[in-house]
Amino acid sequence: MEKIRFIHTADIHLGSFLHIGGEIPNHIQKIVRTATMDAFRRICDVAIEYNVDFIAISGDLYDREAKSVSALRFFVEECSRLNTAGIPVFVIAGNHDPLREQPDLFEMPPNVKVFGGNEPEIYPVLGKNGQTIARVIGQSYVGRSDSRKMHLDYQVPDDGIWNIGLLHTQLEPQNSNYVPCSLSELNDKNIHYWALGHIHKLQILSESEPVVAYSGIPQGRDFGEEGRGGCILAELDPLRGASLRTIPTASVIFKRLEVRIDQDPDNIPETITDLEDLIHNLADELLKESHDKSEYDSPMGYVVQWIVRGRGEIHDTLMEQRDEVCNEITQQLRNRYQGLSPFLWTDSVEIKTEKVLPDVKNFENNPLFREMDKLVKSCFEDPKVKKEIVKAVGSIWDGRGDHENIEDHKFLLDEQTYKEIVQSAYQLVLEKLLEEEGRK
């Protein structure tokens, strides 16, 4: 086996739009309008810079709601650039760009191989001397859902050649919409690297052979896809094994940032001006971090939701006119940061502060309060307790559904959301207990 290097990407949704609130200035509109295409351009730049052997696109290259002639032309032009560099592109269709909905508006360059939907197909990857150094096997969706366990028919020889499998799946055996599949089924094949698509978050499910990975979405389009999107630059070495590197590609980053008014007990905001200054400090830090990065790694802008939390005397003032306060701070932040490079656009400000309570230390010897602390600790440290809480919360907290399909969408119960649910419940009970103790 020879060492190979390739890019794994998926869920590009070429031509789709970013969902941003407010009247966006023209210069930001221009960046937002082309963000998904800019992400793919960066992927191609990386491919050429690192002289990869091929690019694997594991479904949802396009978006059925936003597919356009300009997006199709852009893909052809970028792939022509890759063709000149001698880099093949292998593409399977996913649930958002199934084969039967793909119009043949342009002739694809010869380096682009789109897998059919009737059965798995295999394409060779040739080395510099014309020898086969890898095989890519895949199968496309024909319609907007696909209940076939198509991966079971991925048959490749075990003969000293790297085998790369492309699959667009939710990786759930019970889900019949998006190629029902289990991780164990993927392990039972002669595939060295499973390049998965459909889940919009980077996930390395196995770093040893076979490598199983979701590359995530290259460009997030709303706060359900926050953070820096990217692709995976993968190397398979017969001596050193697999090496995976995440390459950032998003030009616009969605971020939720928490503002704790009580983080510094000696400097809790007393006025709206004080609160704005606190937010300014956090915004300046974010932009400074961006300037400290390399030009390649620096985004063109941020879209931010500010979540104001904590306890302080300002809470009552904020709650009296919460909507007006949120709108006023939002507009002030937009005016201050929208013209910078990178820009910072405030999507919204949410006030979730809490009123000041009696000092809990005064009641720390109370058996009831000690039992409360013990219970909360078990919620985070005891796997059985955590499992019961997740079960009690209900099935809407899942997060593996199709992000764009409302019928299939479920809320994302990640570690941060779980922590917030437990902490919120604890705070509600604590407030009631402290209020009662304060009256005694």
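Please refer to the structure placed before this passage.
Please read these numbers as outputs of a predicted model, since none were measured by experiment.

Cut-offs applied
- Residues numbered from 1 in each chain as written.
- Predicted model: local features only at pLDDT ≥ 70, side-chain atom pairs only at ≥ 80, totals over all residues.
- Heavy atoms only, no water.
- Helix = DSSP H or I, 4+ residues; strand = E, 2+ residues; numbered from the N terminus.
- Contact = heavy atoms within 4.5 Å.
- Areas by Shrake-Rupley, 256 points an atom, 1.4 Å probe, with all protein chains shown as cover.
- Pairing = 2+ DSSP bridges.
- Axes fitted to C-alpha atoms, helices over the stretch in contact; angles between N-to-C directions.
- Parallel < 35°, antiparallel > 145°, perpendicular 65-115°, else oblique.
- Nonpolar A, V, L, I, M, F, W, Y, C, P; charged D, E, K, R; others polar.
- Expected span 1.5 Å × (residues − 1).
- Buried < 20%, exposed > 50% of the residue type's maximum accessible area, 1.4 Å probe, protein only.
- Patch = residues over 30% accessible without salt bridge, like charges linked within 9 Å, V, L, I, M, F, W, Y side chains within 5 Å.
- Salt bridge = Lys/Arg side-chain N within 4 Å of Asp/Glu carboxyl O.
- Lys, Arg positive; Asp, Glu negative; His and termini not counted.
- Charge placed at Lys NZ, Arg CZ, Asp CG, Glu CD.
- Arc of directions from axis to C-beta.
- Core = buried A, V, L, I, M, F, W, Y, C linked by side-chain atoms within 4.5 Å.
- Phe/Tyr/Trp six-rings, centres within 6.5 Å; stacked < 30°, edge-to-face > 60°.
- Lys NZ or Arg CZ within 6 Å of the ring centre and 35° of its normal.

Undergrad: Explain the overall build of the protein chain to me, please; I cannot follow it from the model alone.
TA: Tallying secondary structure elements over the protein chain gives 10 helices and 15 strands in all. Considering only intrachain contacts with a sequence separation of at least 6, the fraction spanning at least 24 residues in the protein chain is 72%. Summing over all exposed atoms, the protein chain offers an accessible surface of approximately 21,900 Å²; the carbon and sulfur share of this is 47%.

Undergrad: I keep staring at the sheet that holds strand E7 (residues 162-168) and nothing clicks. Help me out?
TA: Through backbone hydrogen bonds, the strands of a sheet pair up, either in parallel or in antiparallel fashion. Judged by pairing direction, the sheet is mixed, and its 6 strands sit side by side in the order E5-E6-E7-E8-E10-E9 without closing on themselves. Each of the sheet's edge strands pairs with one partner strand only, and the pair in question is strand E5 (121-126) and strand E9 (203-206). Adjacent strand axes in the sheet meet at a mean angle of 20 degrees when their direction is disregarded. The pairing of strand E6 (residues 132-138) with E7 spans 4 bridges and is parallel. The residue bridging Val136 from the neighbouring strand is Ile164, located in E7.

Undergrad: Would you take a moment to explain the packing of helix H2 (residues 35-49) against helix H3 (residues 69-84) for this structure?
TA: Packed helix pairs are characterised by how far apart their axes lie and by the angle those axes make with each other. Taken N-terminus to C-terminus, the directions of H2 and H3 make an angle of 10 degrees; their axes are 10 Å apart at the nearest point. It follows that H2 is roughly parallel to H3 by the angle criterion. Residue-level inspection shows Met37, Phe40, Arg41, Cys44, Asp45, Ala47 and Ile48 of H2 in contact with H3, the latter providing Ala71, Phe74, Phe75, Glu78, Arg81 and Leu82. Classifying every residue of the contact of H2 with H3 by side-chain character gives 9 nonpolar, no polar and 4 charged.

Undergrad: Is there a simple way to explain H2 in this structure?
TA: Helical geometry note: an α-helix holds 3.6 residues per turn, so side chains three or four residues apart project in the same direction. Along its 15 residues, H2 runs 21 Å from first to last C-alpha, staying within 8% of the 21 Å computed at 1.5 Å per residue. Burial analysis of H2 places 11 of its 15 residues in the buried class, which makes it a mostly covered element. Inspection of H2 places Ala35, Thr36, Met37, Asp38, Ala39, Phe40, Arg42, Ile43, Cys44, Val46 and Ala47 among the buried residues, and these make up the whole buried set. Where H2 terminates, the next one or two residues include Asn51, which has phi positive at roughly 50 degrees.

Undergrad: Would you take a moment to explain a negative patch on the surface for this structure?
TA: A contiguous patch of negative charge on the surface is contributed by Glu270, Asp274, Asp277, Glu313, Asp316 and Glu320. When contributions to the negative patch are tallied by element, the ones reaching two or more residues are helix H5 (272-292) and helix H6 (314-320). Inspection of the secondary structure puts Glu320 in helix H6. Residue Glu320 is classed as exposed on the basis of its relative accessible area of 66%.

Undergrad: Help me out: how do you make sense of unusual backbone geometry in this one?
TA: What you tend to see is this: most non-glycine residues have negative phi, and most peptide bonds are trans. Of note, the amide linkage connecting Glu209 to Pro210 takes the cis form, showing an omega dihedral of -5 degrees. Note that Pro210 resides in the loop between E9 and strand E10 (211-214). In this structure, Val179 takes a positive phi of about 50 degrees despite not being glycine. By the secondary structure assignment, Val179 is in the loop between E7 and helix H4 (183-187).

Undergrad: What is the right way to read helix H7 (residues 322-337) from this model?
TA: Along its 16 residues, H7 runs 22 Å from first to last C-alpha, staying within 8% of the 22 Å computed at 1.5 Å per residue. Among the residues making up H7, those that are buried are Val325, Cys326, Ile329, Thr330, Leu333, Arg334 and Tyr337. The buried residues of H7 occupy an angular sector of 160 degrees when the element is viewed end-on, so they sit on one face. Among the exposed residues of H7, those pointing more than 90 degrees away from its buried face are Glu324, Asn327, Glu328 and Asn335.

Undergrad: Where do I start with the nonpolar core in this structure?
TA: Taken as a class, soluble globular proteins show a tendency for nonpolar side chains to be buried jointly. Counting residues in hydrophobic clusters, the biggest one holds 27 residues, and the most contacted among them are Ile7, Leu14, Phe40, Ile55, Ile57, Phe75 and Val89. For this core, the secondary-structure elements that each account for two or more residues are H2, strand E2 (54-58), H3, strand E3 (89-92) and strand E11 (230-237). For Phe40, the contacting residues outside a window of four places in its chain are Ile12, Leu14, Ile57, Phe74, Phe75 and Glu78. Grouped together as the second largest cluster of nonpolar side chains are 23 residues, Ile253, Ile261, Leu275 and Val325 included.

Undergrad: Looking at this structure, how should I read the environment of Asn51?
TA: Considering the arrangement of structural elements, one finds Asn51 in the loop between H2 and E2. By relative accessible area, which is 45% here, Asn51 ends up partly exposed. A C-alpha to C-alpha distance of 8.6 Å links Asn51 and Phe6, two positions 45 residues apart in sequence.

Undergrad: Explain the packing of aromatic side chains here, please?
TA: For the coordinates displayed, the defined rule picks out 12 aromatic pairs. Taking 4.7 Å as the distance between ring centres and 5 degrees as the angle between the ring planes, the aromatic pair formed by Phe6 and Phe54 counts as stacked. Of this pair, Phe6 sits in strand E1 (residues 4-9) while Phe54 is found in strand E2, placing the two residues 48 residues apart along the sequence. Measuring from ring centre to ring centre gives 5.7 Å for Phe54 and Phe90, while their planes differ by 75 degrees; the resulting arrangement is edge-to-face. Of this pair, Phe54 sits in strand E2 while Phe90 is found in strand E3, placing the two residues 36 residues apart along the sequence. Of the two residues, Phe54 and Phe90, neither departs from the other in class, the shared state being buried. Three or more aromatic residues joined by ring pairs make a cluster, and in this case those are Phe6, Phe54, Phe90, Phe115, Tyr123 and Tyr193. We note Lys386 situated over the ring of Tyr418; from NZ or CZ to the ring centre the distance is 5.0 Å.

Undergrad: Mind showing me how you'd approach the pairing of E1 here?
TA: Taken residue by residue, a regular strand's side chains alternate between the two faces of the sheet. Summarising burial for E1: 5 of the 6 residues are buried, a large majority. Strand direction decides the pairing type here: E1 and E11, joined by 5 bridges, are antiparallel. Looking across to E11, one finds that His8 is bridged to Ile232. One ladder, built from 4 bridges, connects E1 with E2; its direction is parallel.

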